[in-house]
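# Summary of structural features
Chain by chain, the residues run as shown.
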Amino acid sequence: MAGRREIFAAARSIGVRSGWNAVTIRAVAQQLGYTSPLLYEHFRDKQEILTELAIEGQVSLARASPKRGNGLLVVNRWVARGLSFLWPAPLGR
């Protein structure tokens, strides 16, 4: 079984190539050569994968920010706006 990094890499690849709506458990499993039920043993749904990818991106951007204090706040707002396009209501509201 692929590890979380490989699963996230497959999801990221699909999202970048075909758009984030194309990221499904089935599509990720297929890209890795697995069945959907196998991935459902590790993730509840595609939202869980996309949320973890967003958090990973947020952390990477915050670490790269030249202004560590303000950078994290800016990145948090940017990610919240981005997530509002993935789900009907932004997280945390």
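In what follows, the accompanying structure is described. All chains use their own residue numbering, which begins from 1 and follows the written sequence. Local features in this predicted model are restricted to residues whose pLDDT is 70 or higher, and side-chain atom pairs enter the listing and the counts only when it is 80 or higher, whereas totals over whole chains, interfaces and linings include all residues. Heavy atoms from the whole structure form the basis of all side-chain values; hydrogens and water molecules are not counted.

### Re the pattern of salt bridges
Counted as salt bridges are all cases of a side-chain nitrogen of Lys or Arg within 4 Å of a carboxyl oxygen of Asp or Glu. Under the defined criterion, the tally for this structure stands at two salt bridges. When the shortest N-O distance is used, the salt bridge between Glu52 and Arg4 registers 2.7 Å. Here the residue Glu52 occupies a position in helix α4 (residues 46-64), and Arg4 occupies one in helix α1 (residues 4-18), the gap between them amounting to 48 residues. Strands here mean DSSP runs of E at least two residues long; helices mean DSSP runs of H or I at least four residues long; both are numbered from the N terminus.

### Details of the environment of Gln47
Positionally, Gln47 belongs in helix α4. Along the backbone, Gln47 and Ile25 are 22 residues apart, and their C-alpha atoms lie at a distance of 9.6 Å.

### Brief notes about the environment of Ser36
Secondary-structure assignment places Ser36 in helix α3 (residues 36-40). For the pair Ser36 and Thr24, spaced twelve residues apart in sequence, the C-alpha to C-alpha distance is 9.3 Å. Ignoring sequence-local partners within four residues, the contact set of Ser36 consists of Ile25, Arg26 and Ala29. Contacts were defined at the residue level, with two residues in contact if any of their heavy atoms lie within 4.5 Å.

### Re the nonpolar core
Side-chain atoms within 4.5 Å link the members of a nonpolar core, which is a set of buried Ala, Val, Leu, Ile, Met, Phe, Trp, Tyr and Cys residues. Exposure categories follow from relative accessible area, calculated using a 1.4 Å probe and restricted to protein chains: below 20% of the type maximum is buried, above 50% is exposed, and the middle band is partly exposed. Counting residues in hydrophobic clusters, the biggest one holds 16 residues, and the most contacted among them are Ile7, Val28 and Ile49. Looking at this core, the elements that each hand over two or more residues are α1, α2 (25-32) and α4. Considering each element in turn, this core owes the most residues, five residues, to α1.

Limitation: the analysis is restricted to geometry and does not speak to function.
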